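# Breakdown of the fold
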Amino acid sequence: MGVPIRFHLNGKPTELELDGRRTLLWVLREELGLTGAKYGCGAGLCGACTVLVEGQAVHSCQTPLAAVAGKRVTTIEGLAPEGALHPLQEAFLEEGAFQCGYCTPGMILGAQALLAAKAKPSRAEIAEGLEGHLCRCGAHQRILAAIERVAREAGGAS
C-alpha cells in the first residue's frame, strides 16, 4: 500500500498515493502519462530519463518517488508552459540537434540545468556537462551547437 507523496510537477501541486520506492520515471510515464522522459539503460548512464528536481538534472530511472516529496519536478512537458517553445527547444530544432529524438528531452533538460548553473559555458564545458547523456544517432556536434547558440543569444536559459 502506498503513502501520500506530495510534490510540484511542472508547476502544479501533485499528490500520489503510491509505493515511494517506485522510480520517478515509472510514475511519470505509467501513472501520470508524461512520456517525455524515456527509459534507456535503467542504470542512470544514458540520460534519456533526465528530469529536473529543484532545477538539478537527475536520472529519473534511479530516483525513488519518495525522494521528490516536497520538491519541484520539471519534465520536458513542463519546461515551456502554455505551448510556447523554450529557447533550448527552438535551438535544437533550428540546429537539427536530433535525429531519432529519443535522447532529446533528456539532453534539453540536462542543458537547462547546465545553463542555469553557468550562463556562458565554453564548448568544452558544455560537452563535459552533458557527459552523462548519450545520443546513438551521432548528433552530438549539433547538440553542442544548439546549446552554444542559447548561451550566446540569451546569456543562458531561464
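In this report, we go over the structure that sits alongside the text. Owing to the predicted nature of the structure, the values given are computational and were not obtained by experimental measurement.

Definitions and limits used
Residues numbered from 1 in each chain as written. Predicted model: local features only at pLDDT ≥ 70, side-chain atom pairs only at ≥ 80, totals over all residues. Heavy atoms only, no water. Axes fitted to C-alpha atoms, helices over the stretch in contact; angles between N-to-C directions. Helix = DSSP H or I, 4+ residues; strand = E, 2+ residues; numbered from the N terminus. Parallel < 35°, antiparallel > 145°, perpendicular 65-115°, else oblique. Left-handed = near helix turned anticlockwise from the far one by under 90°. Contact = heavy atoms within 4.5 Å. Nonpolar A, V, L, I, M, F, W, Y, C, P; charged D, E, K, R; others polar. Salt bridge = Lys/Arg side-chain N within 4 Å of Asp/Glu carboxyl O. Buried < 20%, exposed > 50% of the residue type's maximum accessible area, 1.4 Å probe, protein only.

## Description of the packing of helix α4 (residues 104-117) against helix α6 (residues 140-154)
- Taken N-terminus to C-terminus, the directions of α4 and α6 make an angle of 40 degrees; their axes are 11 Å apart at the nearest point. Looking at the two axes, α4 sits oblique to α6. Judged by the twist between their axes, the crossing of α4 over α6 is right-handed. Together, M107, A111 and L115 of α4 and H140, I143, I147, V150 and A151 of α6 make up the contact between the two elements.
- Grouping the amino acids of the contact of α4 with α6 by side-chain chemistry returns seven nonpolar, one polar and no charged.

## Things to note about the pattern of salt bridges
- This model, assessed by the stated rule, comprises seven salt bridges.
- The shortest N-O distance in the salt bridge between D19 and R21 comes to 2.9 Å.
- You can call R21 exposed: its relative accessible area is 70%.
- One salt bridge connects R149 with E95, and the closest N-O pair in it is separated by 2.9 Å. Taken together, the residues span a long stretch of sequence, with R149 in helix α6 and E95 in helix α3 (residues 87-95) at a distance of 54 residues.
- The class for R149 is buried, based on a relative accessible area of 17%.
- For E95, a relative accessible area of 23% puts it in the partly exposed group.
- Among the ionic contacts, a cluster of salt bridges with common partners joins E94, E95 and R149.

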